[in-house]
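An overview of the molecular structure
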Amino acid sequence: MWKNEFIKRCFDNENVDDFSYGMLIKDKHIPNRLYRYRKFNVHSLDEIKNQHIKVVSPKTFNDLLDTRAKVDFRVMFQGDNPKIKDSYKKHMGNHMTQEKLDELLSGDDWYDKILREASTQAAKAHNDPKLSPGYIENALKTVVDKQIIEINEVAGEMWQSIVHCCCFSETKDNNAMWSHYAQNSTGFCIEYDMTKFTHRDFQRRFMYLVIYTDELPDATETIRNRQPQTKTSFLATWVSVHKKTEWSYEKEWRLIFQGWYKQDTYIRFPAASAIY
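Calculation rules
Residues numbered from 1 in each chain as written. Predicted model: local features only at pLDDT ≥ 70, side-chain atom pairs only at ≥ 80, totals over all residues. Heavy atoms only, no water. Helix = DSSP H or I, 4+ residues; strand = E, 2+ residues; numbered from the N terminus. Buried < 20%, exposed > 50% of the residue type's maximum accessible area, 1.4 Å probe, protein only. Arc of directions from axis to C-beta. 1 Å grid on protein atoms, 1.4 Å probe; cavity = no way out; pocket = protein on both sides within 12 Å on 5 of 7 lines; lining within 4 Å. Points joined across faces, edges and corners; volume = space filled by probe spheres on them.

This part is about unusual backbone geometry. With a phi close to 70°, Ser 185 is a non-glycine residue in the positive phi region. Looking at where Ser 185 falls in the secondary structure, it is placed in the loop between α8 (175-181) and β4 (188-193). With relative accessibility at 47%, the residue Ser 185 sits in the partly exposed group. With a phi angle near 45°, Lys 251 is a residue other than glycine that sits in the positive phi range.

Written out as structure tokens, the structure reads:
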């Protein structure tokens, strides 16, 4: 299926040439016509008059999970992760022998061993029967779990801040969308002729199909390993092209800009060809 091929070549490889080919695959499948359902107001009429569209942060969308991904930061502390291990070496090198540090950082359970060692040393320092190593270790794990939840929230907000986009649909006759986005069918639908642009124009180059999945995209391994390069470089875009299956009726394409804008802004889009 071409969608899978597009995702594989654009976001799951290290080859820049493959990325370019994946973008061409995607370009060939951009519909000749795309549609936007609009309310009757000054802003939507202004878009028609001035031939521009507004790209906005996903923070404003009605889907609270838009441009969100799963990240299990616990995985960062599992297995062989040289970068994080080196960070621990720098911070703990003055508190124990190199031999002891090497012992703690060996094996896949190195993080648990560090927590256990820190808890044991803390219990000795306090010399309080109530503060046993096990009690301190559980308390530390609770704090870490809470911080991981907070980091996930910050990461989600970060992606939503990096990305600005404008949403389109493949269809102009979806009753649900007329209801949701065209003010209970009292608004209108703008048709855009995508054949007016070439694959080099940003209006096509940054137009992405939305991939519908039952689960949010999982960015854990990409963040942990900082690879593949294409996904790392366009991680926020990769996150933004995924939505939950319940939204699949929208048949959405979206124009996505990663890191270009710090606030909502209008961009040129001279392709309106009909109004319904």
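Another point: helix α1 (residues 2-11). Listed as buried for α1 are Phe 6, Ile 7, Cys 10 and Phe 11. Taken end-on, α1 shows its buried residues confined to a sector of 95°, consistent with a single buried face. Exposed residues pointing more than 90 degrees away from the buried face of α1 are listed as Asn 4 and Lys 8.

This next bit is on empty space enclosed by the protein. Inspection of the entire model under this criterion finds one cavity of 30 Å³ or more. Counted as a void, the largest cavity has a volume near 30 Å³. Taken together, Glu 47, Ile 48, Gln 51, His 52, Ile 53, Tyr 192, Phe 269 and Ala 272 make up the full set of residues lining the largest cavity. At the level of secondary structure, the elements contributing two or more residues to the lining of the largest cavity comprise α3 (42-50) and β2 (52-55).

Remember, this is a structural readout, not a statement about activity or role.
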